[in-house]
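Below, each chain spelled out in residue letters.
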Amino acid sequence: MEDFLELKDVSIIRINGEIDLYSVQFLNQKFYEEVEHFKDRNTLIFDLKNVTRIDSSGIAFFLKAQKRLQESGQRLFFINASHRLKGIFRWTLNYDSLNFCDSVEELINLIFER
């Protein structure tokens, strides 16, 4: 199950459990609802603290989400990803193009630096 936390100019989506072919369908729907409903927000954060597993459909989802947000001038950040989860992203993606943060302080600095 996903939680949504709304702040001024920022939306946070907390993801729990596995990100796989089944859950990506729901996540994709919620992502587009969030983007459409809050067009005035410039930052979306995925909190991955409680993600236990991700497969290729989850990786593809995040790539599409990043592209969609970049095209509309919005930013995407990831927070609280486990070392194992970051390793999967490093292996399958251009990790440097993604904004992973290890702490809230690091996230705040990135958001307000840009």
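The structure displayed is predicted, hence computed values, not measured ones.

*Asks:* Can you tell me about the environment of Glu-34, naming the residues and giving the values?
*Replies:* Along the chain, Glu-34 falls in helix 1 (residues 21-37). Considering only alpha carbons, one finds Glu-34 and Leu-44, ten residues apart in sequence, at a separation of 9.1 Å.

*Asks:* Quick one: what's the story with unusual backbone geometry, residue by residue and with numbers?
*Replies:* In the Ramachandran plot, Asn-80 falls in the positive-phi region, its phi being about 65° despite a non-glycine side chain. Note on placement: Asn-80 falls in the loop between strand 4 (75-79) and helix 3 (83-92). With a relative accessible area of 28%, Asn-80 lands in the partly exposed category.

*Asks:* So, helix 3: which residues are in play, and what are the values?
*Replies:* Along helix 3, the residues classified as buried are Leu-85, Lys-86 and Phe-89. The arc that holds every buried residue of helix 3, seen down its axis, measures 100°, which confines them to one face. For helix 3, the exposed residues set more than 90 degrees away from the buried face come down to His-83 and Trp-91. Where helix 3 is buried, its residues touch strand 3 (43-54), helix 2 (56-71) and strand 5 (100-101).

*Asks:* Any chance you could break down the nonpolar core for me, citing the residues and the numbers?
*Replies:* Among the nonpolar cores identified, the biggest contains 24 residues, and Ile-15, Phe-46, Leu-48 and Phe-62 are the most heavily contacted of them. Mapped onto this core, the elements with two or more residues apiece are strand 2 (10-19), helix 1, strand 3, helix 2, strand 4 and helix 3. Membership of the second largest hydrophobic core comes to nine residues, among which are Phe-77, Leu-107, Leu-110 and Ile-111.

*Asks:* Describe a nonpolar patch on the surface, naming the residues involved and giving the relevant values.
*Replies:* Side chains of Val-104, Ile-108 and Phe-112 sit close together on the surface and give an oily, nonpolar patch of about 330 Å² of accessible area. Tracing the chain through its elements places Val-104 in helix 4 (residues 104-113).

*Asks:* Tell me about the pattern of salt bridges, and name the residues and values.
*Replies:* In total, this model carries five salt bridges according to the counting rule given. Linking Lys-86 and Asp-102 is a salt bridge whose minimum nitrogen-to-oxygen distance equals 2.0 Å. With Lys-86 in helix 3 and Asp-102 in the loop between strand 5 and helix 4, this pair connects stretches of sequence that are 16 residues apart. The class for Asp-102 is exposed, based on a relative accessible area of 51%. Through salt bridges with shared partners, a single network forms among Glu-18, Asp-20 and Arg-53.

*Asks:* Pulling in residues and values, what's your account of the packing of aromatic side chains?
*Replies:* Going through the model one piece at a time under the given rule, you end up with twelve aromatic pairs. Taking the centre distance of 5.7 Å and the plane angle of 90° together, the rings of Phe-31 and Phe-61 count as edge-to-face. Of the two residues, Phe-31 sits in helix 1 while Phe-61 sits in helix 2, which places them 30 residues apart along the sequence. Site record: aromatic cluster; members linked through ring pairs are Phe-31, Tyr-32, Phe-46, Phe-61, Phe-62, Phe-78, Phe-89 and Phe-100.

*Asks:* Mind laying out the pairing of strand 4, listing which residues take part and the relevant values?
*Replies:* Regular strands show a simple pattern: their side chains alternate between the two faces of the sheet. Within strand 4, five of the five residues are buried, which leaves the element mostly enclosed by the surrounding structure. Side-chain alternation along strand 4 places Arg-75, Phe-77 and Ile-79 on one buried face and Leu-76 and Phe-78 on a second face that is also buried. Bridge analysis of strand 3 against strand 4 gives five bridges, and the strand direction is parallel. In the sheet register, Leu-44 faces strand 4, and the bridge partner there is Leu-76. Regarding the hand of the β-α-β motif, the stretch spanning strand 3, helix 2 and strand 4 is right-handed. Alignment of strand 4 against strand 5, held across two bridges, turns out to be parallel. Its bridge partner lying in strand 5, Ile-79 is registered against Cys-101.

Definitions and cut-offs
Residues numbered from 1 in each chain as written. Predicted model: local features only at pLDDT ≥ 70, side-chain atom pairs only at ≥ 80, totals over all residues. Heavy atoms only, no water. Helix = DSSP H or I, 4+ residues; strand = E, 2+ residues; numbered from the N terminus. Buried < 20%, exposed > 50% of the residue type's maximum accessible area, 1.4 Å probe, protein only. Arc of directions from axis to C-beta. Contact = heavy atoms within 4.5 Å. Core = buried A, V, L, I, M, F, W, Y, C linked by side-chain atoms within 4.5 Å. Patch = residues over 30% accessible without salt bridge, like charges linked within 9 Å, V, L, I, M, F, W, Y side chains within 5 Å. Areas by Shrake-Rupley, 256 points an atom, 1.4 Å probe, with all protein chains shown as cover. Salt bridge = Lys/Arg side-chain N within 4 Å of Asp/Glu carboxyl O. Phe/Tyr/Trp six-rings, centres within 6.5 Å; stacked < 30°, edge-to-face > 60°. Pairing = 2+ DSSP bridges. Right-handed = clockwise from strand over helix to strand, strands pointing away.

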